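# Coordinate analysis (summary)
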Amino acid sequence: MARGGCLVPELRRPSTAQLLPPAPVPDQASTTWSRHAHSERRQPARAGLAAAWESVDARAAGDFWCTLEDRRPGLLPQRDAPLFFTALGRLLVGGDAPASRAALLRVLGHAYRQFDLLPHATTIGDALLATVARHARPLWTPQLTIAAERALCRATHAIRRAAAQAGDGRAWWHVEVIGHDRPSPDIAILTVRPWRRLPFQPGQAVPVCTPSFPGHWRWLSPANAPRADGTVELHVRAVPAGTVSHRLVHEVRPGELLWLGPPVDTGLSLDPASTSDLLLVAGGTGLAPLRALVEQVVAAPDGRRVTLIVGARTFTDLYDAIALDKLQCAHDWLTIVPALSDDPCAELAERGDALTIALDHHQPGQDIYLCGPPAMLADARLRLRALGVPAARIHLPESFTG
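Residues numbered from 1 in each chain as written. Predicted model: local features only at pLDDT ≥ 70, side-chain atom pairs only at ≥ 80, totals over all residues. Heavy atoms only, no water.

Below, the discussion takes up the sheet that holds strand β1 (residues 173-184). What the six strands build is an open sheet, ordered β4-β3-β6-β1-β2-β5; its pairing is antiparallel. Among the strands making up the open sheet, the edge pair consists of β4 (218-220) and β5 (232-237). Neighbour to neighbour, the strand axes of the sheet diverge by 40° on average, direction disregarded. Note: β1 against strand β6 (residues 257-260), four bridges, orientation antiparallel. By the bridge assignment for β6, His 174 is matched with Trp 259. (Pairing = 2+ DSSP bridges. Helix = DSSP H or I, 4+ residues; strand = E, 2+ residues; numbered from the N terminus. Axes fitted to C-alpha atoms, helices over the stretch in contact; angles between N-to-C directions.)

Residues of the protein chain with pLDDT of at least 70 account for 89%, and the chain-wide mean is 89. For the stretch residues 1-26, pLDDT sits under 50, and the model shows 18 contacts to residues farther than four places along the chain or on other chains. Confidence over residues 28-40 falls short of pLDDT 50; this stretch has one contact with residues more than four positions distant or in other chains. (pLDDT = per-residue confidence, 0-100. Contact = heavy atoms within 4.5 Å.)

Further remarks concern the sheet that holds strand β9 (residues 334-340). Ordered by their spatial adjacency, five strands build an open sheet running β9-β8-β7-β10-β11, and the pairing between neighbours is parallel. Across the chains shown, the open sheet's two edge strands, defined by having one partner strand only, are β9 and β11 (394-395). In this structure, strand β7 (residues 278-283) lies alongside strand β8 (residues 306-312), joined through six bridges in parallel fashion. The partner of Leu 280 across the bridge, within β8, is Leu 308.

Nonpolar side chains tend toward joint burial in soluble globular proteins. Phe 64, Phe 84, Ile 124, Trp 140, Trp 172 and Trp 217 are the most contacted members of the largest nonpolar core, which totals 55 residues. Elements that contribute at least two residues to this core include exactly α2 (28-54), α3 (59-71), α4 (81-93), α5 (98-114), α6 (121-135) and α7 (142-165). When residues of this core are assigned to their parent elements, the largest contribution, nine residues, is made by α4. Non-local contacts of Phe 64, meaning those with residues more than four positions away in its chain, are made with Leu 76, Phe 84, Phe 85, Ile 124, Ala 127, Leu 128 and Thr 131. Counting residues in hydrophobic clusters, the runner-up holds 27 residues, among them Leu 308, Ala 312, Leu 324 and Ile 336. (Core = buried A, V, L, I, M, F, W, Y, C linked by side-chain atoms within 4.5 Å. Buried < 20%, exposed > 50% of the residue type's maximum accessible area, 1.4 Å probe, protein only.)

In structure tokens form, the structure reads like this:
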């Protein structure tokens, strides 16, 4: 067995079975059944790993760093060990949604590059398993050791791929919450100040993690263009079973610390070579990256006109109305139109879903950017292409699937 738990076949003379003709290729149904059976066999092991990981307390991160320091001194700064340990352990356990796993890998891929850890991946994996085994007794069994080694092998391969795609730069930024507003029961507007400036661009997304749920990362898009004071505004909606979002909306208060990961392009960045007019279509907290685009134009006006459609159920659900009103009053090239899907008091021109109202404001030659609920985005491309809008002018956020 290779270090880190990857099985390596020994060199040997071929067996009789190996000399026989190859077996027939299974049909699609049998292949699907095989994959399903393999997935079912993984479930008890994953549940066992999850239970063992949940039993590990906060002291384990320090133990992990000491174990790693004994085996390879100076490999990882002690101050970064807790965040690194929880992220790596979470990837080992698995079970996250694809977008959350992609955020986790974005962070870990940059961490392995920042600290030059790829040549020492086996040492790090061994230290992780040794630490979890010590702190998860009596849940840690020989069978769980085998399952953990296999999971570590898969996690290491995923990290290597993520590191190959990662650029240079930091893996995470400590930020302090300096503002927390609740414009509606399930939405919060957070203002955070990074200890070091976060190098992001409007339209990008960043992974976010709270100390209450270390290892759990969620994507959020800054709602502002870069500011002179370095602060970042984040719009968060609490979603069912969303541990990070619930914490950010209902529990976080000014003075608390969070972590932000490396920014990533989402397909919503403005084309620097274009000065076409813009039609921006937002649904819910999908407003955040589109408001950042408006602020980008504010910072460097280039003669283009911008129309921003803001979708909500009722007028009271327009959670960022004050900031939007200030923007529109200050810039005559900006038109902001609410799209109210369930408000009988709305004006006729503002009554309907965001996409329908947006089509009423569409002009040939506009670049169209959309961000909002999946149903809105799924419908948008079909309806826009049916109207003859060129695909190159339609900008939708990319899905994060890792």
